[in-house]
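Structure at a glance
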Amino acid sequence: MSRKKTKQAIGIGFLHLVFWILCLIALVPILYAASLSFQGSGGALSDHFTLIPKNFTLQNYSRILKEEPFLRWLKNSIELSLGTMVVAISFAVVAAYAFSRFRFRGRNQVLRLLILLNAFPQILSMFAIFRLFKQANLLNTKTGLVIIYAGSMCIFSIWNLKGYFDTIPVDIEEAAKIDGASDGVLLRKIIFPLARPAVIVTAVMVLIFVWNEYLFATTFLLNDKSYTLAGGLYQLQSNDYSRSWPMFSAAAILVSIPILILFFCIQKYMVSGLTAGGVKG
């Protein structure tokens, strides 16, 4: 092996070591939360930091599932996440394709306006939305939250999908139009399959946003039984007299498991979905 290749191998090995160390450091809080979830009620008050539970127990998980409305919170989060994902992606795919392929008047101005709207913190519009929803009887309803979430994530989805649509060669569409394909058929049978990785990644990012959203969920859902998982986690810690960090850690681990499974299922799209070319069979 030449001297140059030896230096390159050493450099790559050093980078791998650094990345491994950074990953381990990032995993420490997660491992500690997992360890705490298997400990008794006094585990969080211990002076000794350890990642191995001293008194292993599943009582915290049992209490979360039996004594708290965790399954109801899970059901609410699933309904809101899936509903928002369907609405946001349905509008975003059509809008992103239009912005990518058609050159209409005001196109660039609308795109800039979308970015400008997305730049403002959502909390600035909370009072106005609350008043509108109160008059429209949408408070404490999942429909109202889906409207808010879909409107917020549509902007991100449009820009994300537009960038991918721009990479798909126009020649494919022109050939399909020569064969008599309409715009609807073209989008459904040609563009959408080619952009499937980007659509999947964008849809999952919308789902994760709704899954973890807390502010609007606790503001517009006035009944604690209609809380999402994020609101439910806060409720577990809102009472100083009944606060239990091991039980809270168990709930946090349970909340993270579905997203973790989902991430592993779409990992191949996360790696190559947004970088692969559009010319795929």
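Residues numbered from 1 in each chain as written. Predicted model: local features only at pLDDT ≥ 70, side-chain atom pairs only at ≥ 80, totals over all residues. Heavy atoms only, no water.

In this structure the tally under the stated criterion is five salt bridges. In this structure, Arg63 and Glu67 form a salt bridge, with 3.5 Å as the shortest nitrogen-oxygen distance. Of this pair, Arg63 and Glu67 both sit in helix α2 (residues 59–67), separated by four residues, roughly a single helical turn. Relative accessible area serves as the criterion here: at 25%, Arg63 is assigned to the partly exposed category. Here Glu67 falls in the exposed class, since its relative accessible area comes to 54%. Salt-bridge contacts for Arg101 lead to Glu173; the nearest nitrogen and oxygen are separated by 2.4 Å. Taken together, the residues Arg101 in helix α3 (residues 70–101) and Glu173 in helix α7 (residues 170–178) connect sequence positions 72 residues apart. (Salt bridge = Lys/Arg side-chain N within 4 Å of Asp/Glu carboxyl O. Helix = DSSP H or I, 4+ residues; strand = E, 2+ residues; numbered from the N terminus. Buried < 20%, exposed > 50% of the residue type's maximum accessible area, 1.4 Å probe, protein only.)

Turning next to a nonpolar patch on the surface. A grouping of Leu113, Leu116, Leu117, Phe120, Ile123, Leu124, Tyr214, Leu215 and Tyr234 is seen on the molecular surface, where their side chains present a nonpolar patch of about 900 Å² in accessible area. If one sorts the elements of the nonpolar patch by residue count, helix α4 (residues 107–119) sits on top with three residues. Along the chain, the position of Leu215 falls in helix α10 (residues 215–220). (Patch = residues over 30% accessible without salt bridge, like charges linked within 9 Å, V, L, I, M, F, W, Y side chains within 5 Å. Areas by Shrake-Rupley, 256 points an atom, 1.4 Å probe, with all protein chains shown as cover.)

This part is about helix α5 (residues 126–135). Within the span of α5, buried status applies to Met126, Ile129 and Phe133. Angularly, the buried residues of α5 cover 65° about the axis, an arc narrow enough to put them on a single face. Projecting away from the buried face of α5 at angles above 90 degrees are the exposed residues Phe127, Leu132, Lys134 and Gln135. Downstream of α5 by one or two residues, Asn137 has phi in the positive range, about 55°. (Arc of directions from axis to C-beta.)

What follows deals with the packing of α2 against helix α12 (residues 245–265). Packing of α2 against α12 leaves a shortest axis separation of 8 Å and a crossing angle of 70°. Relative to α12, the element α2 is oriented roughly perpendicular. Each of Asn60, Tyr61, Arg63, Ile64 and Leu65 in α2 lies in contact with α12, whose residues at this interface are Pro246, Met247, Ala250, Ala251, Ile253 and Leu254. Residue composition of the contact of α2 with α12, grouped by class: nine nonpolar, one polar and one charged. (Axes fitted to C-alpha atoms, helices over the stretch in contact; angles between N-to-C directions. Parallel < 35°, antiparallel > 145°, perpendicular 65-115°, else oblique. Contact = heavy atoms within 4.5 Å. Nonpolar A, V, L, I, M, F, W, Y, C, P; charged D, E, K, R; others polar.)

Turning our eyes to something else, we now look at the packing of aromatic side chains. All told, the structure shown has twelve aromatic pairs when counted by the stated rule. Relative to Phe220, the ring of Phe130 has its centre 6.0 Å away and its plane inclined at 40°; by these criteria the two rings are tilted. Note that Phe130 is positioned in helix α5 and Phe220 in helix α10, a separation of 90 residues in sequence. Among the aromatic residues, ring-to-ring pairing joins Phe130, Phe133, Phe216 and Phe220 into one connected group. (Phe/Tyr/Trp six-rings, centres within 6.5 Å; stacked < 30°, edge-to-face > 60°.)

As a further point, take the packing of α3 against helix α9 (residues 196–212). Axis angle and axis distance: for two packed helices, these are the angle between their axes and the distance between the axes, and together they describe the pair. At a minimum axis separation of 8 Å, α3 and α9 run at an interaxial angle of 140°. By the angle between their directions, the pair α3 and α9 is classed as oblique. Along this stretch, α3 crosses α9, giving a crossing that reads as right-handed. Only Val199, Thr202, Ala203, Val206, Leu207, Val210 and Trp211 of α9 make contact with α3, whose side of the interface consists of Leu74, Ser77, Ile78, Leu80, Ser81, Leu82, Thr84, Met85, Ala88, Ile89 and Val93. By residue class, the composition of the contact of α3 with α9 is 14 nonpolar, four polar and no charged. (Left-handed = near helix turned anticlockwise from the far one by under 90°.)

Counting residues in each nonpolar core, the largest one holds 51 residues, and the members touching the most others are Leu145, Leu161, Phe165, Phe216 and Phe220. With ten residues, α3 is the largest single contributor of residues to this core. When residues no more than four places from it in sequence are discounted, the contact partners of Phe216 are Gln122, Met126, Ile129, Leu145, Ile148, Tyr149 and Leu221. Counting residues in hydrophobic clusters, the runner-up holds five residues, among them Ala88, Ala150, Met153 and Val206. (Core = buried A, V, L, I, M, F, W, Y, C linked by side-chain atoms within 4.5 Å.)

Coordinates in, geometry out; function isn't part of it.
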